[in-house]
Amino acid sequence: MKRLNSQLQKDGAPLELILLIRTLLAGCKEISFRVSQGALAGVLGSTLSENVQGETQKKLDVISNQILKDILKDSGYVKAISSEEEDDVVPCHPDGKYLVSFDPLDGSSNTEINSLIGTIFSIAHAPQWMEPDDPSAFLQPGTQMVAAGYVLYGPSTMLAMTTGRGTHLYTLDKTHGGFLVTQANIQVPEDTAEFAINASNQRHWEEPIQNYIGDLMAGADGPRGKDYNMRWVAAMVGDIHRVLCRGGIFMYPFDKRNPKKPGKLRLLYEANPMAFLMEQAGGLASTGEGRIMEVMPSEIHQRVPVLIGSKNEVAKCLEYY
Ligand code: F6P
Ligand code: MN
């Protein structure tokens, strides 16, 4: 099986980017180990603090954030970091060539039930003019990403990653600590009969998504003429992994509760990296109004509505808008 390095070289990734990715993944391997220790290491449960998003931080959120921050700061490849668990950008090395955004532990409430969680990341070039503590350089559209991916801490630890030459799936071989390519150039099936949405929010949705989901629920008796199945992992990383592997549509749409929160998911370290992976696998990723990767961010923790997955199904959903 091909190793990470050879795949990245084959895809034409520059040496410094390869070294940065390897550094980031070294951090993820440590997270994978901590996560697998669970209650034995006393790492489960919540802290007394909240992050900038007003979410209670789990101990593993804080630990994972610290691991990635330390390893990236020390590397010299990174000028600054933005993280779900940091209020502001974290300045790193003044000569670092890259900006890294990450959700250190997506779906962290799943730690309580020993279920799927993961790290989501994206990497962009750091402009030369930028001071390491300047957040404005992070405010570039997702089309500027040079790499993105996630590490899924499941029954096996898997990596999905793209550098813009297809999306590849890797599996961590714990006998030697390397990620091996287990599926190169994954292609998301264009059609699907599976959808993922938190249906308990239904009364807050806007009309297009109400109508679309209504038609899916009507199944073979409705206008879509077939029965659909529903899945919800409650960790974006788990839901997107399923969609990449066997197709589907994953949605966290705009809802009317709070106009300041247009959707739940964060653009820089959730929506954009997943959109890049999905597009590189032949799928689509939209806010309902346009391509996620073309959204111009106005702040680092910005939220966006997300409709992502199998090409024909996302296109169908967009017809309702
Ligand atoms: O990070 C936000 C997140 O945990 C995603 O991973 C997940 O898809 C979603 O929120 C779950 O939302 P809810 O709590 O509505 O099920
Ligand atoms: Mn998350």
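Once a new chain begins, its residue numbering starts again from 1 and follows that chain's sequence as written. Lettering of chains starts at A and numbering of ligands starts at 1, both following the order in which they are written. The model is predicted, so local features are restricted to residues of pLDDT at least 70 and side-chain atom pairs to those at 80 or more, both for listing and for counting; the totals for chains, interfaces and linings are taken over all residues. Computation of side-chain values: all heavy atoms of the structure, hydrogens and water removed.

- Going by the annotation in an unreviewed UniProt entry, the name recorded for the protein chain is Fructose-1,6-bisphosphatase class 1, with Alteromonas sediminis given as the source organism.
- Its UniProt record gives the protein chain the following Catalytic activity (unreviewed entry) comment, quoted word for word: "beta-D-fructose 1,6-bisphosphate + H2O = beta-D-fructose 6-phosphate + phosphate".
- UniProt positions are given in the numbering used here, feature names are shortened, and annotations may be inferred rather than shown by experiment. Recorded in UniProt under Pathway (unreviewed entry), the annotation for the protein chain is "Carbohydrate biosynthesis; Calvin cycle."

1. Quick word on the side chain of Glu86
- Numbered from the N terminus, helices here are DSSP runs of H or I no shorter than four residues, and strands are runs of E no shorter than two. Checked against the element boundaries, Glu86 lands in the loop between β3 (78-83) and β4 (90-91).
- For Glu86, a relative accessible area of 16% gives the class buried.
- Any two residues having at least one pair of non-hydrogen atoms within 4.5 Å are treated as being in contact. If we skip the residues at most four places from it in the chain, Glu86 touches Val52, Asn65, Lys69 and His301. Buried means the residue's accessible area, taken with a 1.4 Å probe over protein chains only, is under 20% of the maximum for its type, while exposed means over 50%, and partly exposed covers the values in between.

2. Side note on the UniProt feature "domain: Fructose-1-6-bisphosphatase class I N-terminal" (unreviewed entry) in the protein chain
- In the UniProt entry, the feature "domain: Fructose-1-6-bisphosphatase class I N-terminal" (unreviewed entry) is given for residues 5-183.
- Between the C-alpha atoms that bound residues 5-183 there is a distance of 15 Å. The span itself is 26% helix and 35% strand.

3. Considering the domain arrangement of the protein chain
- All domain edges in this entry derive from an automatic or database-based domain assignment. In terms of domains, the protein chain is made up of domain 1 (4-183) and domain 2 (194-318).
- Distance between the C-alpha centres of domain 1 and domain 2: 23 Å.
- Residue-level contacts link 47 residues of domain 1 with 32 residues of domain 2.
- By definition, the buried area sums, over both parts, the 1.4 Å-probe accessible area that each loses when the two are put together. Overall, the association of domain 1 and domain 2 removes approximately 2,900 Å² of surface from exposure, summing both partners, and the carbon and sulfur fraction of that is 66%.
- Among the residues of domain 1 in contact with domain 2, Gln53, Leu139 and Tyr150 are the three that bury the most area, contributing 21% of the side total.
- In what follows, salt bridge is the name for a side-chain nitrogen of Lys or Arg lying within 4 Å of a carboxyl oxygen of Asp or Glu. Where domain 1 packs against domain 2, one counts 2 salt bridges.

4. Describing the pairing of strand β17 (residues 306-309)
- Of the two faces of β17, the one lined by Val306 and Ile308 and the one lined by Leu307 and Gly309 are each fully buried.
- Inspection of the sheet shows strand β13 (residues 249-252) paired to β17 by 4 bridges, in the antiparallel sense. The residue bridging Met251 from the neighbouring strand is Leu307, located in β17.
- In short, DSSP must find at least two bridges between two strands for them to pair. Pairing analysis gives 3 bridges linking strand β15 (residues 284-286) to β17, with the strands arranged antiparallel. In the sheet register, Ser286 faces β17, and the bridge partner there is Leu307.

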